[in-house]
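Descriptive structure summary
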Amino acid sequence: GIDNAAVDGFLPESIKNGSTIYLPSLSKAGYKFDGWYIGDKPLTKKDKGYELTQSSDAPQTIRAQWKNVYKVVYYCYGQRMTTDNVIAGEEYTVRDNLKPALNNFAGWVDNDDDYKLYTKDQEIAVSKNLNLNAVYATPINGRIFYDDGSDVNNNNKYLFFKGNYEKINYQYRYDLGYSCY
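Before going into details, it helps to say that this report is about the structure given with it. The numbering scheme is per chain: residues are counted from 1 as the chain's sequence reads. In view of the model being predicted, local features appear only for residues whose pLDDT reaches at least 70, and side-chain atom pairs are presented and counted only at 80 or more, with totals across whole chains, interfaces and linings using the full set of residues. The side-chain numbers reported here are obtained from all heavy atoms of the structure, hydrogens and water having been left aside.

Side note on the sheet that holds strand β2 (residues 20-23)
Pairing between sheet strands relies on hydrogen bonds along the backbone, with the strands arranged either parallel or antiparallel. Ordered in space as β2-β6-β5, the 3 strands form an open sheet in which the pairing is antiparallel. On the outer flanks of this sheet lie β2 and β5 (44-46), each paired with one strand and no other. This sheet shows a mean twist of 45 degrees between the axes of neighbouring strands, independent of strand direction. A pair of strands counts as paired when DSSP detects no fewer than two bridges linking them. Comment: elements are numbered from the N terminus, with helices defined as DSSP H or I runs of at least four residues and strands as E runs of at least two. As defined by bridge partners, β2 adjoins strand β6 (residues 49-53) across 4 bridges and the pair is classed as antiparallel. Residue pairing in the sheet places Thr-20 in a bridge with Thr-53 of β6. What counts as an axis is a line fitted to C-alpha atoms, over the stretch in contact for a helix, and the angles between N-to-C directions run from 0 to 180 degrees.

Comments concerning the layout of surface pockets
The definitions used throughout rest on a 1 Å grid laid over the protein atoms alone, on which a cavity is an enclosed set of points accommodating a 1.4 Å probe that cannot get out and a pocket is an open set flanked by protein within 12 Å on both sides along at least five of seven lines; lining residues are those having an atom within 4 Å of a point. Grid points are joined across faces, edges and corners, and a volume is the space filled by probe spheres set on the points. The volume enclosed by the largest pocket comes to roughly 180 Å³. Along the walls of the largest pocket sit Ile-38, Lys-41, Pro-42, Leu-43, Thr-44, Glu-51, Leu-52, Thr-53 and Gln-60, which together make up its complete lining. Contributing elements (two or more residues each) for the lining of the largest pocket: β4 (41-42) and β6. In terms of residues, the lining of the largest pocket owes the most to one element, β6, which gives 3 residues.

Describing the side chain of Asn-97
As for its placement among the helices and strands, Asn-97 is situated in the loop between β9 (91-93) and β10 (105-110). A 3.5 Å cut-off defines polar contacts: any pair of N or O atoms within that distance qualifies, except that in protein one atom must be a possible hydrogen donor and the other a possible acceptor, and neighbouring residues in sequence count only when both atoms are side-chain atoms. There is a polar contact of 2.9 Å between the side chain of Asn-97 and the backbone nitrogen of Lys-99. Whether two residues touch is decided by their heavy atoms; if any such pair falls within 4.5 Å, the residues are in contact. Setting aside residues no more than four positions away along its own chain, Asn-97 makes contact with Leu-102, Phe-105 and Tyr-136.

Here's the deal with the environment of Glu-91
Inspection of the secondary structure assignment puts Glu-91 in strand β9. Counting along the chain gives 32 residues from Glu-91 to Glu-123, while the straight-line C-alpha distance between them is 6.2 Å.

So, the pairing of strand β3 (residues 31-38)
Alignment of β3 against strand β7 (residues 60-76), held across 7 bridges, turns out to be antiparallel. Bridge assignment links Trp-36 to a residue of β7, and that residue is Ala-64. Where β3 lies against β4, 2 bridges are found, and the strand directions are antiparallel. Residue pairing for β4: Tyr-37 is matched across the bridge by Pro-42.

Concerning the side chain of Asp-84
The residue Asp-84 is located in strand β8 (residues 79-87) in this model. Looking at Asp-84, its side chain comes within polar contact range of the side chain of Tyr-92, at 2.4 Å. At 2.8 Å, the side chain of Asp-84 forms a polar contact with the side chain of Arg-95. When neighbours within four sequence positions are excluded, Asp-84 is seen to be in contact with Tyr-70, Lys-71, Val-72, Tyr-74, Tyr-92 and Arg-95.

Comments concerning the pattern of salt bridges
In what follows, salt bridge is the name for a side-chain nitrogen of Lys or Arg lying within 4 Å of a carboxyl oxygen of Asp or Glu. For the structure shown, the criterion picks out 2 salt bridges. Asp-84 is the salt-bridge partner of Arg-95, the closest N and O atoms lying 2.8 Å from each other. Highlighted residues: Arg-95 in the loop between β9 and β10 and Asp-84 in strand β8, separated in sequence by 11 residues. For the salt bridge of Asp-96 with Lys-120, the shortest nitrogen-to-oxygen distance reads 3.9 Å. You can see Asp-96 sitting in the loop between β9 and β10 and its partner Lys-120 sitting in the loop between β11 (116-118) and β12 (123-125), a full 24 residues away along the chain. Burial status follows relative accessibility: with a 1.4 Å probe on protein chains alone, a residue under 20% of its type maximum counts as buried, one over 50% as exposed, and anything between as partly exposed. With relative accessibility at 37%, the residue Asp-96 sits in the partly exposed group. Residue classification places Lys-120 among the partly exposed positions, given a relative accessible area of 42%.

Right under this line is the structure:
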């Protein structure tokens, strides 16, 4: 027989040995349905649904498997530009400049992850929601300079990167008139 506790009403109480049924795809906010499984083995998806053939009288536990879906949100000077949904475990390509009229695009900074810099077309594995802020940088003495645009008490965060965009350091200091605007 089939233990249908894990499938929440999608199965009849019992399926005769040798019988085949088809399970539907499911949806749940924040997740991608990855299929139905018996143990580690996925059921085969057919046009009618996920095929389940009862091949013995032994009980089987069927479970739905889900993958997290994370949001990558792009901002330019505080304005949300676009959002991508990324499935956990899949490679994601970082976007190019979303404001082509603005020059000196250096990439995207994740302010929530120690100001990590991502460059366009970089392949990353997304394991959490990301808020990425555009970096329109001004080269100063051979280094890339980024102003986070903060207007609180004129106390901006400045980031300095080597020419290959490797972060050197960051610090709070008074606005000295340098800007990436």
